[in-house]
Amino acid sequence: MQFPENFTWGTATSSYQIEGGHDEGGKGPSIWDAFCEIPGRIAGGDDGKVACDHFHKFREDVALMASLGLRAYRFSISWPRILPTGRLDRGSMNEEGIRFYSKLIDTLLEHGIEPWVTLYHWDLPLALQTERDGWLNPEIADDFEAYARICFEAFGDRVKHWITLNEPWVVAILGYGQGVFAPGRTSTTEPYVAAHHLLRSHAKAVQCYRNEFAHQGGKIGITNNCDWREPLTDKPEDKDAAQRALEFYLGWFADPIFRSGDYPESMRERVGDRLPKFTEEESKALLGSSDFFGLNHYTTMFAAEASSDGKEGSVYGNGGISEDQDVDLSVDPEWPLTEFKWAVVPWGCRKLLGWIAERYGDPAIYITENGCAMDDQVSADGSVDDQDRLEFYRGYLEACHQAIGDGVHLKGYFAWSLMDNFEWASGYRFRFGLVHVDPKSLKRTPKKSAHWYSKVVRTNALGDE
Ligand code: PNW
């Protein structure tokens, strides 16, 4: 199974999950630094103070990626490492932070690895939360634009792929709806407000890039996450439920950008006044504001018209505010589960890619995350024979290959994650890495899946192992 020659192969990480150095090099605190201090919020009382210590070991990590033959690396910039208070007016810019990412980018380029940079992967400067209400404040769009401009200025000569936001759905639903992620708020109105200002912020940053940095010749887009929703039966109500579930999950963020400049009709109907409205100018700025369709995809569930007993399926609920969607979710007990209890369903990936191609007019799609946590058995020498993870990747990459055969413009794939890291509210219990990181020595050892992925990347082909 051969992939196109110019297909982008990479791995992905995010700042808070790997960097550590939480109070080093002039960095200010983020909402995740604070959230981890609250008893009971993170499994095992873990935090990202040291994480993988990538802040000090980045050269080693880049060399490791190069040795695996990876061509692209998606990482995120920690906003409070650049602006310790989040804004230019109070604290000033942190030159040390700029120097850190500059060195990282140079090191990647020296090794022939393309940097793909995410501006926001959830580590909001704490002061923007405590003093200004975070993503609930409309003015955050100006703060985000100012921060983005600094990054374009400092790194845009070398960075040609920008991702404004990672998974605004997670920020809105898990951060402001269920409160399991920072800032830990629980509400049925705030997710829609936060989502609205996340979208406005994205559009502003893109406008800034296109107006002021077009000469840099890069691409800019957004990454959304979505699982596949398969109708439980052929009944029209279940088919409608699956469609509605996808609209509440992905359409919420993708319709304004790739389709209509506005939220899906199904959301307007059901959410009513709690769904904010875009001005005409905002709609115009949003529509077409992404050069590519970034997609993080992990799993699949069945969707059915809600029954009165209101059952819920996934660890994080059902992909929106359940009360608003009227969708029941379930899984097939035959589907294998990862350690994270996400079902392994490669055909769901193929179907989702097809759904996106159709609904959004065949955009260039990049899978910016796909991967799994598995029950790694670590040998004394740190090696991990993770055949199950390898099978996961083989299955999902086969599905990607089939989607390309269906005519979907899938242009790249980033494995989540380069290495085991801080898995948010689950702490260090779940290991998504291709590379094992020893919790004490922080020594890196590629797992069996990493060697397999390395072969795929080098040959553009899915071989046997
Ligand atoms: C993504 N959901 O998070 C993130 O981008 C990564 O930082 C994270 O480590 C990875 O997936 C694994 O969890 C998600 O509930 C968190 O559907 C939750 C969901 C999806 C993605």
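Nothing here was measured: the structure is a model prediction, and the numbers come from that model.

(A) Just the side chain of Ser30, in detail. Mapped onto the secondary structure, Ser30 falls in the loop between helix H1 (15–18) and helix H2 (31–35). For Ser30, a relative accessible area of 0% translates into the label buried. Setting aside anything within four residues of it in sequence, one finds Ser30 in contact with Tyr16, Pro80, Asp123, Leu124, Pro125 and Leu126.

(B) Helix H7 (residues 140–155), seen in detail. Here H7 is 16 residues long and its end C-alpha atoms lie 22 Å apart, about the 22 Å a rise of 1.5 Å per residue gives. Of all the residues in H7, the buried ones are Ile140, Ala141, Asp143, Phe144, Glu145, Tyr147, Ala148, Ile150, Cys151, Phe152 and Phe155.

(C) Layout of the UniProt feature "active site" (unreviewed entry) in the protein. The feature "active site" (unreviewed entry), as annotated in UniProt, sits at Glu167 and Glu369 in this numbering. Across 203 residues in sequence, these annotated residues keep their C-alpha atoms within 10.5 Å of one another, forming a single compact spot. With respect to the helices, strands and loops of the structure, Glu167 is situated in the loop between strand E4 (161–166) and helix H8 (168–176). Leaving out residues up to four positions away in the same chain, Glu167 has contacts with Trp122, Thr223, Asn224, Asn225, Asn296, Tyr298 and Glu369.

(D) Summary view of the pairing of strand E3 (residues 114–120). For E3, a buried count of six out of seven residues is recorded, marking the element as mostly surrounded by other parts of the structure. Pairing analysis gives five bridges linking strand E2 (residues 72–76) to E3, with the strands arranged parallel. Note on E3: the bridge partner recorded for Ser76 is Thr118. In terms of strand pairing, E3 meets E4 through four bridges, oriented parallel. The partner of Trp116 across the bridge, within E4, is His161.

(E) Region of interest: the nonpolar core. Core analysis: the biggest nonpolar cluster contains 136 residues, and Trp32 and Trp135 have the highest contact counts within it. Core analysis: the second largest hydrophobic core is formed by 14 residues, Ala12, Trp116, Trp342 and Ala373 among them.

(F) Structural context of the sheet that holds strand E9 (residues 327–330). Ordered by their spatial adjacency, three strands build an open sheet running E6-E8-E9, and the pairing between neighbours is mixed. Where the open sheet ends on each side, the last strands, each with one partner, are strand E6 (228–231) and E9. Adjacent strand axes in the sheet meet at a mean angle of 40° when their direction is disregarded. Alignment of strand E8 (residues 300–305) against E9, held across four bridges, turns out to be antiparallel. Across the sheet, Ala304 pairs through a bridge with Asp328, a residue of E9. Helix H14 (residues 346–359) rests against E6 and E8 of the sheet, and its axis sits at about 95° to E6.

(G) Region of the structure containing helix H5 (residues 95–110). Here H5 is 16 residues long and its end C-alpha atoms lie 22 Å apart, about the 22 Å a rise of 1.5 Å per residue gives. By the burial criterion, the buried members of H5 are Gly97, Ile98, Phe100, Tyr101, Ser102, Leu104, Ile105, Thr107 and Leu108. The elements touched by buried residues of H5 are H1, helix H3 (54–67), E2, helix H4 (79–82), E3 and H7.

(H) Quick peek at the pattern of salt bridges. Evaluation of the coordinates by the stated rule reveals 34 salt bridges. Among the charged side chains, a network of salt bridges with common partners joins Arg87, Asp89, Arg132, Glu139 and Asp143.

(I) A look at the side chain of Arg132. Structurally, Arg132 can be placed in the loop between helix H6 (126–130) and H7. Reaching out from Arg132, the side chain makes a polar contact with the side chain of Asp143 at a distance of 3.5 Å. Apart from residues no more than four positions distant in its own chain, Arg132 is found in contact with Arg87, Ala127, Asn137, Glu139 and Asp143.

(J) View of the environment of Gly407. Assignment of secondary structure puts Gly407 in the loop between helix H15 (387–405) and strand E11 (410–416). When the C-alpha positions of Gly407 and Asp362 are compared, they lie 8.8 Å apart, and in sequence the two are 45 residues distant.

(K) A look at the UniProt feature "binding site: substrate" (unreviewed entry) in the protein. Per the UniProt record, "binding site: substrate" (unreviewed entry) is annotated on Gln17, His121, Asn166, Tyr298, Trp416, Glu423 and Trp424. As for its placement among the helices and strands, Gln17 is situated in helix H1. Judged by relative accessible area, which is 0%, Gln17 ranks as buried. Those residues in contact with Gln17, other than ones at most four positions away along the chain, are Ala51, Cys52, His121, Trp416, Asn421, Phe422, Glu423 and Trp424. In terms of polar contacts, Gln17 uses its side chain to reach the side chain of Ser14, at 2.8 Å. Relative to the helices and strands, Trp424 resides in the loop between E11 and strand E12 (435–437).

Quick notes on the rules
Residues numbered from 1 in each chain as written. Predicted model: local features only at pLDDT ≥ 70, side-chain atom pairs only at ≥ 80, totals over all residues. Heavy atoms only, no water. Helix = DSSP H or I, 4+ residues; strand = E, 2+ residues; numbered from the N terminus. Buried < 20%, exposed > 50% of the residue type's maximum accessible area, 1.4 Å probe, protein only. Contact = heavy atoms within 4.5 Å. Expected span 1.5 Å × (residues − 1). UniProt positions renumbered as here; feature names shortened; annotations may be inferred. Pairing = 2+ DSSP bridges. Core = buried A, V, L, I, M, F, W, Y, C linked by side-chain atoms within 4.5 Å. Axes fitted to C-alpha atoms, helices over the stretch in contact; angles between N-to-C directions. Salt bridge = Lys/Arg side-chain N within 4 Å of Asp/Glu carboxyl O. Polar contact = N/O pair within 3.5 Å; in protein donor to acceptor, adjacent residues only side chain to side chain.

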